[in-house]
Amino acid sequence: MPEEIRATVLTRRELFVTGAAGLASATIVPPASASDDAVELIERLTGKTPTATERLHLVMPQTFPNGYTVPLSLDIDSPMTQNDHVKYVRVVAPRNPLIEVATFHFVPQYSQPRVSTRIRLAEPQYVVAVAEMNDGTLLMTKTWVDVATNGCI
Amino acid sequence: MVTPMPRVQVPSAVTKGEIFQVKALISHQMETGLRHDSEGNVIPRKIIERFVCRYNGVDVFVVDLHEAVAANPYFEFYLRATESGQLDFIWEEDGGDVYSLAHQFIVA
């Protein structure tokens, strides 16, 4: 699926240049205001407005010595029935040179919406997770991770 | 590059309806395509871009991986035991190579 791949390879630069915010404001944004950034980013990636939620749990260490292999756990409160389930969760690291991390697809009745893995982070940043539910709504959460050394991606 | 080695860990027996944990790992560099060698040449991108867990022919857990997944991609996930049969684990590399493992599985 080469087309699909190309569509999802987004660099940070492309994102800022295409966005109204521009490169200048993006580079000086302090972490405190990054929540609006995340909403805007998701709107740009998906065309939909995500809702902040308590149902989606993204667990990562607040500080971690190296960016090469940072633990990440996701857990979504959902009965996973045909009528009420999570379709996928997409994880984005907005300050990585390539912002996409991974997308996890779950299947009602079969899989639980819960996964652990390890990711690379190029610098301290908010990691953002967006879940699409079966009715099309987007739920979003984010967590701040401070990495001491660059994950070199 | 060393041949990627897949490994999985699944409980040997589970009861029907039980939620069980699966651990899947493949040894793989996950070369991002952003690095350069000592002569300044770009090291070509080579990553696992898709992981599939199939339960008796049904895709039950799928991951799209990008460059920011750490080397030796590891996933720990949870499935519901419905019936005995086979679990297939498939890793697809961006160049078209596919690595897989099959696991026979008893649901009591």
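Numbering of residues begins from 1 in every chain and follows the order in which that chain's sequence is written. Going through the entries in the order they are written, you letter the chains from A and number the ligands from 1. Residues qualify for local features only when their pLDDT is at least 70, as the model is predicted, and side-chain atom pairs are given and counted only at 80 or more; totals for whole chains, interfaces and linings, by contrast, use all residues.

**Student:** Even after reading the chapter, I still don't get the overall build of chain B, so can you show me in this structure?
**Tutor:** Counting from the N terminus, the helices are the DSSP runs of H or I reaching at least four residues and the strands are the DSSP runs of E reaching at least two. When helices and strands are counted, chain B shows zero helices and eight strands. With the principal axes as the frame, chain B shows a C-alpha extent of 60 × 20 × 20 Å. Contacts are defined on C-beta atoms placed from the backbone: any two residues whose C-beta positions lie within 7 Å are in contact. For chain B, contacts bridging at least 24 residues in sequence account for 53% of all contacts bridging at least 6.

**Student:** What exactly am I supposed to notice about the overall build of chain A here?
**Tutor:** The helix and strand tally for chain A stands at four helices and nine strands. Along chain A, from the amino end to the carboxyl end, the secondary structure elements read α-α-α-α-β-β-β-β-β-β-β-β-β. Put plainly, a residue is buried at 20 or more neighbouring C-beta atoms within 10 Å of its own, exposed at 12 or fewer, and partly exposed in between, counting only other residues' C-beta atoms, which are placed from the backbone. Out of the 153 residues in chain A, the part that is buried amounts to 35%. Contacts spanning at least 24 positions in sequence make up 69% of the contacts within chain A whose residues lie at least 6 apart.

**Student:** In this structure, what is going on with the environment of B:Ser38? I would like to understand it.
**Tutor:** In this structure, B:Ser38 sits in the loop between strand 3 (19-26) and strand 4 (48-55). Between the C-alpha atom of B:Ser38 and that of B:Gly85, which follows or precedes it by 47 residues, the distance is 49 Å.

**Student:** Looking at this model, I keep getting lost on the sheet that holds strand 7 (residues 111-119) of chain A. Mind explaining?
**Tutor:** Whether parallel or antiparallel, the strands of a sheet pair through hydrogen bonds between backbone atoms. Strands are labelled as partners when DSSP assigns at least two bridges between them. On the basis of which strands lie adjacent, the open sheet formed by six strands has the order 2(A)-4(A)-7(A)-6(B)-3(B)-1(B) and antiparallel pairing. Only two strands of the sheet have a single partner each, and these edge strands are strand 2 (56-59) of chain A together with strand 1 (6-9) of chain B. Strand-to-strand twist across the sheet, computed as the mean angle between neighbouring axes with direction ignored, equals 15°. Examined bridge by bridge, strand 7 of chain A and strand 6 (residues 74-80) of chain B share three bridges and lie antiparallel to one another. Bridged to A:Val115 within strand 6 of chain B is B:Phe77. For every element, the axis is a line fit to its C-alpha atoms; helices are fit only across the contacting stretch, and the angle between N-to-C directions ranges from 0 to 180 degrees.

**Student:** Would you mind going over the nonpolar core with me for this structure?
**Tutor:** Most often, soluble globular proteins have nonpolar side chains that are buried together. For the purposes of this analysis, a nonpolar core is taken to be any set of buried Ala, Val, Leu, Ile, Met, Phe, Trp, Tyr and Cys residues that are connected through C-beta atoms within 7 Å. Grouped together as the largest cluster of nonpolar side chains are 56 residues, with contacts concentrated most on A:Val89, A:Val128 and A:Ala129. Each residue touching A:Val128, except ones within four places of it in the same chain, is listed here: A:Ala38, A:Leu41, A:Ile42, A:Val92, A:Pro94, A:Met140 and A:Lys142.

**Student:** Would you explain the interface of chain B and chain A in this entry?
**Tutor:** Often, the extent of an interface is quoted as the loss of accessible area upon association of its parts. Each partner contributes to the interface: chain B provides 25 residues, whereas chain A provides 27 residues. Elements with a contribution of two residues or more to the side of chain B that touches chain A: strand 5 (58-65) and strand 6 of chain B. Element by element, the count of residues in the side of chain B that touches chain A is highest for strand 5 of chain B, at eight residues. The residue classification treats Ala, Val, Leu, Ile, Met, Phe, Trp, Tyr, Cys and Pro as nonpolar and Asp, Glu, Lys and Arg as charged. All others, Gly included, are polar. Looking at the side of chain B that touches chain A residue by residue, the class counts come to 17 nonpolar, two polar and six charged.

**Student:** What's the story with the pairing of strand 7 of chain A in this structure? I'm lost.
**Tutor:** Consecutive side chains along a regular strand alternate between the two faces of the sheet. Judged from the six bridges that link them, strand 4 (residues 70-76) of chain A and strand 7 of chain A form a sheet pairing that is antiparallel. Residue pairing for strand 7 of chain A: A:Val70 is matched across the bridge by A:Ile119.

**Student:** Can you walk me through the environment of B:Ala68 in this structure?
**Tutor:** Summarising the element assignment, B:Ala68 is placed in the loop between strand 5 and strand 6. C-alpha separation for the pair B:Ala68 and B:Met30, spaced 38 residues apart in sequence, amounts to 8.6 Å.

**Student:** Help me out: how do you make sense of the confidence of the model for chain B in this one?
**Tutor:** Interpreting fine coordinate detail is not advised for predicted regions of low pLDDT. Averaged over chain B, the pLDDT score is 94; the fraction of residues at 70 or greater is 99%. In the predicted assembly, ipTM is 0.95 and pTM is 0.85. What pLDDT expresses is the predictor's confidence in each residue, scored from 0 to 100.

**Student:** Sorry if this is basic, but what is going on with unusual backbone geometry here?
**Tutor:** Phi is mostly negative for residues that are not glycine, and the peptide bonds are mostly trans. All names here are of chain A. Of note, Met80 is a non-glycine position whose phi angle comes to about 55°, a positive value. Relative to the elements of secondary structure, Met80 occurs in the loop between strand 4 and strand 5 (86-92). Residue Met80 is classed as partly exposed on the basis of its C-beta count, with 18 C-beta atoms lying within 10 Å. For Gln109, which is not glycine, the phi torsion reads 75° and is therefore positive. With respect to the element layout, Gln109 can be found in the loop between strand 6 (100-106) and strand 7. Accessibility expressed as a C-beta count within 10 Å gives 12 for Gln109, which makes it exposed.

**Student:** Help me out: how do you make sense of the pairing of strand 6 of chain B in this one?
**Tutor:** All names here are of chain B. Side chains Phe75, Phe77 and Leu79 project from strand 6 onto a buried face, and the interleaved Tyr74, Glu76, Tyr78 and Arg80 project onto a face without burial. By the bridge criterion, seven bridges tie strand 3 to strand 6 in an arrangement that is antiparallel. Opposite Ile19, over in strand 6, you have Arg80 as the bridge partner.

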